[in-house]
Structure formats: structure tokens, C-alpha cells
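The chain contents come next:
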Amino acid sequence: MAGHSHHGNTPAAWTAVLIVFVGFSIGSAYTVMAEPLGVLAGAVVVALGGVVGLVMRAMGLGQPTTPARPATASATAAGATATAAVPAPASGESEQKSTTVSG
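Residue indices begin from 1 for each chain and proceed along its sequence in written order. Only residues with pLDDT of at least 70 get local features here, since the model is predicted, and only at 80 or more are side-chain atom pairs given and counted; chain-wide, interface and lining totals rely on the full set of residues. Excluding hydrogens and water, the side-chain figures rest on all heavy atoms present in the structure.

Asks: What am I meant to see in the overall build of the chain here?
Replies: The way it works is that DSSP assigns letters per residue, a run of H or I at least four long becomes a helix, a run of E at least two long becomes a strand, and they are numbered from the N terminus. Of the regular secondary structure elements, the chain holds 3 helices and 2 strands. Contacts are assigned to residue pairs that have any heavy atoms within 4.5 Å of one another. The long-range share in the chain, meaning contacts at least 24 apart out of those at least 6 apart in sequence, stands at 41%. In the structure as shown, the chain presents an accessible area of about 7,600 Å², 68% of it carried by carbon and sulfur atoms. Here the open area of atoms and residues is found with the Shrake-Rupley method and a 1.4 Å probe, where only the protein chains shown may cover a residue.

So this is what it looks like as C-alpha cells:
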């Protein structure tokens with residue numbers, strides 16, 4: 001299933017991470033300067049980044065919640081019969097083996 005995942009490479013994720021990074025940078029700078037209001041402003045920007053990411057995901061710019069299953073996986077999960085060539089141990093010829101896969 002990892003082949004169908006974006007691993008966070010979506011516009012919503014990148015935007016949220018960028019905003020959160022800026023918020024942490026603001027908070028860190030004001031922490032060094034010992035300015036509590038600046039640290040609070042950085043925390044607000046961090047929270048804003050999370051909200052923006054959630055809103056963008058709700059708009060369809062994030063990773064889909066249910067990835068599409070490949071057609072072969074749904075067919076075998078439904079109990080389809082699969083045929084595979086298995087080599088015969090003594091003669092080296094291949095024989096057909098039919099198996100039923102149950103999900």
C-alpha cells in the first residue's frame with residue numbers, strides 16, 4: 001500500500017510545515033531576546049499552521065484518506081482463482097497449479 005501513499009508530499013502538508021517552521025523560528029528568536037509576547041506570537045503562528053493544513057486537507061489538497069486498491073488485489077481478495085506455473089521437481093517441466101485465495 002505504500003506505493004499509493006504520498007508520504008506527506010502534498011500541498012497541504014508542505015504549506016503547514018512551512019508555516020509551523022516560521023512560527024518556531026519566530027518563537028526561538030524571541031526566546032533568545034527574552035520577549036514573552038514574541039514567544040506567544042510564535043506559538044500562535046505554529047497553531048495557525050496546523051489549522052491551515054487541516055483546512056487545505058478538507059479542501060482536497062491533502063492525501064486521500066482511503067487509498068484506491070489495485071484491481072488485482074480486489075479480485076484476489078474477492079476469492080478469485082489464480083493460476084501459477086510451478087516447476088516439477090524431477091523432470092524440470094512446469095505444471096499448472098490452481099489456487100483459491102480467500103481474504
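Asks: Whenever I open this one, the side chain of Thr10 confuses me. Can you help?
Replies: Counting through the fold element by element, Thr10 comes out in the segment before helix H1 (11-32). A residue is classified by how much of its surface remains accessible, and Thr10, at 7% relative accessible area, is buried. Leaving out residues up to four positions away in the same chain, Thr10 has contacts with Leu61, Gly62 and Gln63. Note on classification: 1.4 Å probe, protein chains only; a residue is buried when its accessible area is under 20% of the maximum for its type, exposed when over 50%, partly exposed between these limits.

Asks: Any chance you could explain H1 here in plain terms?
Replies: The periodicity of an α-helix, 3.6 residues per turn, causes residues three or four places apart in sequence to face the same way. In a helix, the anticipated span is given by 1.5 Å times the number of residues less one. Between its first and last C-alpha, H1 extends 32 Å over 22 residues, near the 32 Å set by a 1.5 Å rise per residue. For H1, the complete set of buried residues consists of Ala12, Ala16, Gly23 and Gly27. One side of H1 carries all its buried residues, which in axial view fall inside an arc of 35 degrees. Seen from the open side of H1, the exposed residues pointing more than 90 degrees away from its buried face are Trp14, Val17, Leu18, Phe21 and Val32. Where H1 is buried, its residues touch helix H2 (36-61). Ala34 occupies a position one or two residues after H1 and carries a positive phi of about 55 degrees. Here the arc refers to the set of directions running from the helix axis out to each C-beta atom.

Asks: Please explain unusual backbone geometry as it appears in this structure.
Replies: Look at Ala34: it is not a glycine, yet its phi comes out positive at around 55 degrees. Secondary-structure assignment places Ala34 in the loop between H1 and H2.

Asks: Honestly, the packing of H1 against H2 in this entry has me stumped. Any pointers?
Replies: Following both chains from N to C, one finds H1 and H2 inclined at 175 degrees, their axes separated by 7 Å at the closest point. What the angle tells us is that H1 and H2 run roughly antiparallel. A breakdown of the residues in the contact of H1 with H2 according to their chemical character gives 16 nonpolar, 9 polar and 1 charged. In this analysis, axes come from line fits to C-alpha atoms, helices being fitted only over the stretch in contact, and the angle between any two N-to-C directions falls in the range 0 to 180 degrees. Angles below 35 degrees are treated as roughly parallel, those above 145 as roughly antiparallel, those between 65 and 115 as roughly perpendicular, and all remaining angles as oblique. Each residue gets one label: Ala, Val, Leu, Ile, Met, Phe, Trp, Tyr, Cys and Pro are nonpolar, Asp, Glu, Lys and Arg are charged, and the others, such as Gly, are polar.

Asks: I keep staring at the environment of Gly53 and nothing clicks. Help me out?
Replies: In this fold, Gly53 is placed in helix H2. Expressed as a C-alpha distance, the spacing of Gly53 and Pro11, which sit 42 residues apart in the sequence, is 8.7 Å. Apart from the residues within four sequence positions on either side, Gly53 is in contact with Ala12 and Ala16.

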